[in-house]
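Residue-level listing of the chains:
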Amino acid sequence: MGGLMIDVLIDTLLDLTKIVPFLFVIYLFLEWMENQAGHKMERFLERHRRINPLAGTLFGLLPSCGFATAASSLYATGVISAGTLVAIFLASSDEMLSIMLGMQADLSLIAPVLGIKLVVGLIAGYGFDLLSRHRTIDVDDFCQREHDDHSHGILYSACMHTLQVSIWLFVTIFVFNGIVKLIGEDMIRSFILAHPSQSVLFCGLTGLIPSCASSIILTTMYIDSVIPFSAVCAGLLVNAGTGMIMLYRVNPDFKDNTKILLATLVCGLIAGFALQIFGL
C-alpha cells in the first residue's frame, strides 16, 4: 500500500506541474485585465467573440492538460463563451498526443483522432453558443469571490491565486489518481474486452475522470488495439483532464457547470456511436 501511495503522489505532482504554469499565466492575465487594461480589453474581447470557438478548438488540440483547466477560469469571468469552453474540452488532447508521439505511433493513428476532435469541437462550440445565453465579462466579481488581495500588485495576486487553486487541485487529483490506481488499468482493459459492444459508452464515461490518467489509459488501449477508433474518440472527446472539475471550483453556478459537462459528454458519445455505426 505504501508503494501505491508513493506512485499516486508522484503521478499527482507530475500532473500538477503541467497545469500550474497555465494557471499562473491565466490569473496574471485576469489580474492585468482588472487593474491595468480595464474596459478596453473587455471591449476588444467582446468584438472578437465570433472567433472564440475556433481559437479554443485550436488551442485545445495542443498537447497539454493545463489549458483546459485554465480555460475554466476564463469562462467563470465571462472572458470566453460557454461554446468556447465546450470546444476546448472536446478538442483537448490532454496526454494523448504526447503519448502517441513518445511511442512513435504512426501518423495514420494520430491524424484521424485529431481531425475528429477538431470537427466535433468546432461544430459543438458554435452550436452551443447559438443555444446558450451571452455572458458579460466580469473579472471584478470573480476576484471578489476568490478573495484576491490586490494591495501587493498583480504579480503577488496571481501567485497567491495560483497557489490556492493548486492546493485544491492537488488534493482533488490525488484522490482521483488513487481511485484509478486502486481499480487498475488491467481491470479496465478486461472489462472492455469482455464487453466490446459497450466500449464507446464505457470509454466516454472513462473520459469523465478528472485526471491525466484517463487519457493515458484510453490512448494506450487504442495503440494496443484493445479499443476501436470509435471508442477512443468518444473517450478523448469527453476527456478534458482536470478542466471539468476545475469548472465546478471556479464557477458558482452548479446548474450551468452541469450543462457544460453533459454537453461535452453527449457530443463525445454521439460522435463515438456515429463512428461505430460506420464500422470505425
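Reference entry: report on the structure contained in this document. Residue numbers restart at each chain and count upward from 1, following the sequence in its written direction. Reporting of local features is limited, given that this is a predicted model, to residues whose pLDDT is at least 70; pairs of side-chain atoms are given and counted only at 80 or more, and all residues count toward the totals for whole chains, interfaces and linings. To get the side-chain values, all heavy atoms of the structure are used, and hydrogens and water are removed first.

Digging into the overall build of the protein chain
Reasoning step 1: Helix and strand assignments come from DSSP, with helices taken as H or I runs of at least 4 residues and strands as E runs of at least 2, each series counted from the N terminus. Each helix and strand counted, the protein chain has 15 helices and 0 strands in total.
Reasoning step 2: Each residue is placed in one exposure class: buried if its accessible area under a 1.4 Å probe, protein chains only, is under 20% of its type's maximum, exposed if it is over 50%, and partly exposed if it falls in between. Burial analysis of the protein chain (280 residues in total) assigns 51% to the buried set.
Reasoning step 3: Of the contacts formed within the protein chain by residues at least 6 apart in sequence, a portion of 84% connects residues at least 24 apart.
Reasoning step 4: All accessible areas in this document rest on Shrake-Rupley with a 1.4 Å probe, and a residue is counted as covered only by the protein chains that are shown. Summed over all atoms, the accessible surface of the protein chain reaches about 12800 Å², with 70% contributed by carbon and sulfur. Residues count as neighbours in contact if any of their non-hydrogen atoms are within 4.5 Å of one another.

Comments concerning the packing of aromatic side chains
Reasoning step 1: Between rings of Phe, Tyr and Trp, where Trp is taken as its six-membered ring, a pair exists when centres lie within 6.5 Å; planes separated by under 30 degrees are stacked, by over 60 edge-to-face, and by other angles tilted. A full pass over the atoms with the stated rule returns 3 aromatic pairs.
Reasoning step 2: Relative to Phe-174, the ring of Phe-170 lies with its centre 6.1 Å away and its plane at 25°, an arrangement referred to as stacked. Within this pair, Phe-170 and its partner Phe-174 are both found in helix α9 (residues 154-183), separated by 4 residues, close to a single helical turn.
Reasoning step 3: For Phe-170, a relative accessible area of 25% gives the class partly exposed.
Reasoning step 4: When the ring of Tyr-222 is compared with that of Phe-229, the centres are 6.4 Å apart and the planes differ by 50°; the resulting orientation is tilted.

Focus on a nonpolar patch on the surface
Reasoning step 1: On the surface, Tyr-156, Met-160, Leu-163, Ile-167, Val-171, Val-175, Ile-179, Ile-183 and Met-187 cluster together into a nonpolar patch covering about 800 Å² of accessible area.
Reasoning step 2: Among the elements that line the nonpolar patch, the one with the most residues is α9, at 8 residues.
Reasoning step 3: Judged by its relative accessible area of 41%, Ile-183 falls in the partly exposed class. What goes into a patch is any residue over 30% in relative accessible area without a salt bridge, connected to like charges within 9 Å or, for nonpolar side chains (Val, Leu, Ile, Met, Phe, Trp, Tyr), within 5 Å. For this analysis, a salt bridge means a side-chain nitrogen from Lys or Arg found within 4 Å of a carboxyl oxygen belonging to Asp or Glu.

Here we look at the packing of helix α7 (residues 107-131) against helix α13 (residues 229-238)
Between two packed helices, the angle of one axis relative to the other and the distance separating the axes together describe the packing.
Reasoning step 1: Orientation is described by lines fitted to C-alpha atoms, with helices fitted over the stretch in contact, and by angles between N-to-C directions that extend from 0 to 180 degrees. Relative to each other, α7 and α13 sit at 50°, their axes nearing to 10 Å. Relative to α13, the element α7 lies oblique. Crossing geometry of α7 relative to α13 is assigned as right-handed. Residues Pro-112, Val-113, Ile-116, Lys-117 and Val-120 of α7 lie in contact with α13, whose contacting residues are Phe-229, Val-232, Cys-233, Leu-236 and Leu-237.
Reasoning step 2: Asp, Glu, Lys and Arg are counted as charged, while Ala, Val, Leu, Ile, Met, Phe, Trp, Tyr, Cys and Pro are counted as nonpolar; the rest, among them Gly, fall into the polar class. For the contact of α7 with α13, the per-class residue count stands at 9 nonpolar, no polar and 1 charged. Any angle that is under 35 degrees is reported as roughly parallel, and any over 145 degrees as roughly antiparallel; angles of 65 to 115 degrees are reported as roughly perpendicular and all others as oblique. We call a crossing left-handed when the near helix sits turned anticlockwise from the far one by less than a right angle, and right-handed when that turn is clockwise.

Focus on unusual backbone geometry
Reasoning step 1: Even without glycine at this site, Ser-225 takes up a positive phi of about 65°.
Reasoning step 2: Here Ser-225 lies in the loop between α12 (212-223) and α13.
Reasoning step 3: What makes Ser-225 exposed here is its relative accessible area of 64%.

Digging into the environment of Ser-215
Reasoning step 1: Position of Ser-215 among the secondary structure elements: in helix α12.
Reasoning step 2: Classification of Ser-215 by relative accessible area gives buried; the value is 0%.
Reasoning step 3: Once the C-alpha coordinates of Ser-215 and Met-96 are considered, the two residues, 119 residues apart in sequence, prove to be 5.9 Å apart.

Description of helix α10 (residues 185-194)
Since one α-helical turn is 3.6 residues long, residues separated by three or four positions face the same way.
Reasoning step 1: For α10, the set of buried residues is Ile-188, Arg-189 and Ile-192. Down the axis of α10, the buried set is contained in an arc of 100°. They therefore lie on one face. For α10, exposure combined with an orientation more than 90 degrees from the buried face picks out Asp-186, Met-187 and Ala-194. Note that the arc is computed from the directions linking the helix axis to the C-beta atoms.

Here we look at the packing of helix α11 (residues 199-206) against α13
Reasoning step 1: Relative to each other, α11 and α13 sit at 25°, their axes nearing to 7 Å. In terms of orientation, α11 lies roughly parallel with respect to α13. Crossing handedness for the pair α11 and α13: right-handed. The segment α11 lies against α13, with Ser-199, Val-200, Cys-203 and Gly-204 engaging Ser-230, Ala-231, Ala-234, Gly-235 and Val-238.
Reasoning step 2: Partitioned by chemical class, the residues of the contact of α11 with α13 number 5 nonpolar, 4 polar and no charged.

By themselves, these are just geometric observations and shouldn't be taken as functional.
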